[in-house]
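These are the residues of each chain, in order.
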Amino acid sequence: MSSHKEIKKITVPLIQSWKAKGEKIAMLTAYDYTFAQIFDQANLDVILVGDSAANVMAGYETTLPISLDEMIYHAASVKRAVKRALVVADLPFGSYQGSKDAAFESAVKMMKQSGVEALKLEGGIEIAEKVKMLVAAGIPIMGHLGLTPQSVNQFGGYGLRAKETAEADKLKSDALTLEKAGAFAIVLEKVPASLAEEVSKSLSIPTIGIGAGNDCDGQVLVMQDMLGLNTAFLPKFVRKYSNLSEQVTTAVQSYSQDVKDGNFPNNEESY
Ligand SMILES: Nc1nc(=O)c2c([nH]1)NC[C@@H]1CN(c3ccc(C(=O)N[C@@H](CCC(=O)O)C(=O)O)cc3)CN21
Ligand SMILES: CC(C)C(=O)C(=O)O
Ligand SMILES: [Mg+2]
C-alpha cells in the first residue's frame, strides 16, 4: 500500500454514471501545463483543450485558423500536468469534416501525440458516421451542437442558435443521432435553456452547457472568461469568478516600478 494519497482518476464511464445520480460535471478549458496543473489540483472534473486556443492563446478572430499540430501542442502540454481530471481535446476545423479517412487520421494523431483521453467534434447528423467509426476504434467522442464556432461563416455570427422550431427540431434529432452513434456526452452552446433542458431529458448521455441554461448535466466555460483574464469577451453566459487581469496589471506595474527605482532585486534576492 502506497503512502501517497490515492488519486481517483476521472474516466469517461465515471462521468457518464453521474447523470443518473444528478451529479453535475464541471468542465473548463485549459491550454498549457501551468494552468492545467492548478485546475487538476483544484479537483476540476474535466479539462477541455478547446480550439478557442485560436482566440485566447493565438489572437485569431475565429477558431478556424488553428492547426491540428498546434492543437496537439496545447493538448500534450495540458496532459503532462494532469493526474486526475478527464482531458478532452477539440479536433480543429478542417481536420475531420472531409473524408472518413481524414477524420480517422486526425483523431489517431491527436490521441497518439497528445495522450488525451477523448476528442470533441462539432456537428450532428453530418458527422454521425465518423463518430461511429472513431468510437469503434476505441476513441471516446464528445459532441458539440448549437453554436458551433467552426461554422461561424455559415451562421454569420455568434448569435443564439435554435430559437426557431426547425433548427430546434434538427438539434433534438442531432443529439439523439450522436447518442446513437456512441458519443459519451454532448456540449450544447448558446441555445435556449428550455431546449437544452428538453434535450438533456431526452438523452441518457450527459449534456454540458455553455450559454444553455441550468438544466444541462454539466457546465463549461473558457478559463480566460471566468478568471477575468479576458476583458474584451463578456457575453451574458459568462460568470467572472476572479479579476486576474486587474491583479496581473498591478503585479506587472509594481515589478516595473521596482526595477526602475532600483528596488528589485534586494540583497536577499542576490548571490
Ligand atoms: N474567450 C472565448 N470564450 C468563448 O466562450 C469562446 C471563445 N473564446 N472562442 C470560441 C467560442 C466562440 N464562442 C462564442 C463567441 C461569441 C459569443 C457571443 O455571445 N458574442 C457576442 C454576441 C454575438 C451576437 O449576438 O451576434 C457577445 O455578446 O459577446 C458567444 C460564444 C464560444 N467560444
Ligand atoms: C467553449 C468550448 C465548448 C469549446 O469548444 C472551446 O473552448 O473551444
Ligand atoms: Mg471548441
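Rules and cut-offs
Residues numbered from 1 in each chain as written. Chains lettered and ligands numbered in written order. Predicted model: local features only at pLDDT ≥ 70, side-chain atom pairs only at ≥ 80, totals over all residues. Helix = DSSP H or I, 4+ residues; strand = E, 2+ residues; numbered from the N terminus. Rg over C-alpha atoms; globule rule 2.2 N^0.38 Å. Buried ≥ 20, exposed ≤ 12 C-beta atoms within 10 Å, placed from the backbone. Core = buried A, V, L, I, M, F, W, Y, C linked by C-beta atoms within 7 Å. Contact = placed C-beta atoms within 7 Å. Domains from an automatic or database assignment. Pairing = 2+ DSSP bridges. Near = placed C-beta within 6 Å. Nonpolar A, V, L, I, M, F, W, Y, C, P; charged D, E, K, R; others polar. UniProt positions renumbered as here; feature names shortened; annotations may be inferred.

## A few points about the overall build of the protein chain
The helix and strand tally for the protein chain stands at 11 helices and eight strands. Against the 2.2 N^0.38 benchmark of 18 Å for 271 residues, the protein chain shows a C-alpha radius of gyration of 20 Å, consistent with a compact globule. Overall, the protein chain is about 65 × 50 × 40 Å in size when its C-alpha atoms are taken along their principal axes. Residues classed as buried in the protein chain amount to 41% of the 271 residues present.

## Remarks on the nonpolar core
Judged by nonpolar contacts, the single largest core of 68 residues is most densely connected at A30, V46, I47, V49, V78, V88 and M110. Looking at this core, the element that brings in the most residues is helix α4 (residues 68-81), giving five residues. If we ignore the near neighbours within four places in the chain, the residues touching V78 are A30, Y31, D32, Y33, A36, I47, V49 and V87.

## Considerations on the domain arrangement of the protein chain
For the protein chain, the assigned domains are domain 1 (12-240) and domain 2 (244-271). On a C-alpha basis, the centres of domain 1 and domain 2 stand 39 Å from each other.

## Here we look at the environment of Y241
Tracing the sequence through the fold places Y241 in the loop between α10 (223-226) and α11 (244-261). In this structure the C-alpha to C-alpha distance between Y241 and M226, which are 15 residues apart in sequence, comes to 5.5 Å. Ignoring sequence-local partners within four residues, the contact set of Y241 consists of M226 and L227.

## Here we look at the pairing of strand β8 (residues 218-221)
The alternating pattern of β8 places G218 and V220 on one face and Q219 and L221 on the opposite face, and all of these are buried. Bridging between strand β1 (residues 25-29) and β8 involves four bridges; their strand directions are parallel. Across the sheet, I25 pairs through a bridge with G218, a residue of β8. Strand direction decides the pairing type here: strand β7 (residues 207-210) and β8, joined by two bridges, are parallel. Bridge pairing links G209 to Q219 in β8.

## Thoughts on helix α1 (residues 12-21)
It helps to recall that an α-helix has 3.6 residues per turn; residues three or four apart then point in one direction. For α1, the tally of buried residues reaches only one of 10 residues, placing the bulk of the element at the surface. Downstream of α1 by a residue or two, G22 has a phi angle that is positive, lying close to 75°.

## A word on the site of ligand 1
Contacts to ligand 1 come from 16 residues, most closely from S52, G157, Y158, V222 and P235. The set of elements that each furnish at least two residues to the shell around ligand 1 consists of α3 (53-56) and α10. For the shell around ligand 1, the residue count by class is seven nonpolar, seven polar and two charged.

## Here's the deal with the UniProt feature "active site" (unreviewed entry) in the protein chain
UniProt records the feature "active site" (unreviewed entry) for E189 in the present numbering. For E189, the location among the structural elements is in strand β6 (residues 185-189). For E189, a count of 22 C-beta atoms within 10 Å gives the class buried. Apart from residues no more than four positions distant in its own chain, E189 is found in contact with H144, G146, L147, T148, I210, G211 and A212.

## Quick word on the environment of K9
Within the secondary structure layout, K9 lies in the segment before α1. On the basis of neighbour counts, which here come to 12 C-beta atoms within 10 Å, the residue K9 falls in the exposed class. In this structure the C-alpha to C-alpha distance between K9 and A85, which are 76 residues apart in sequence, comes to 6.5 Å.

## Section: the environment of K163
Inspection of the secondary structure assignment puts K163 in the loop between α7 (152-155) and α8 (165-181). The class of K163 is exposed, set by 11 C-beta atoms lying within 10 Å. Considering only alpha carbons, one finds K163 and D217, 54 residues apart in sequence, at a separation of 21 Å.

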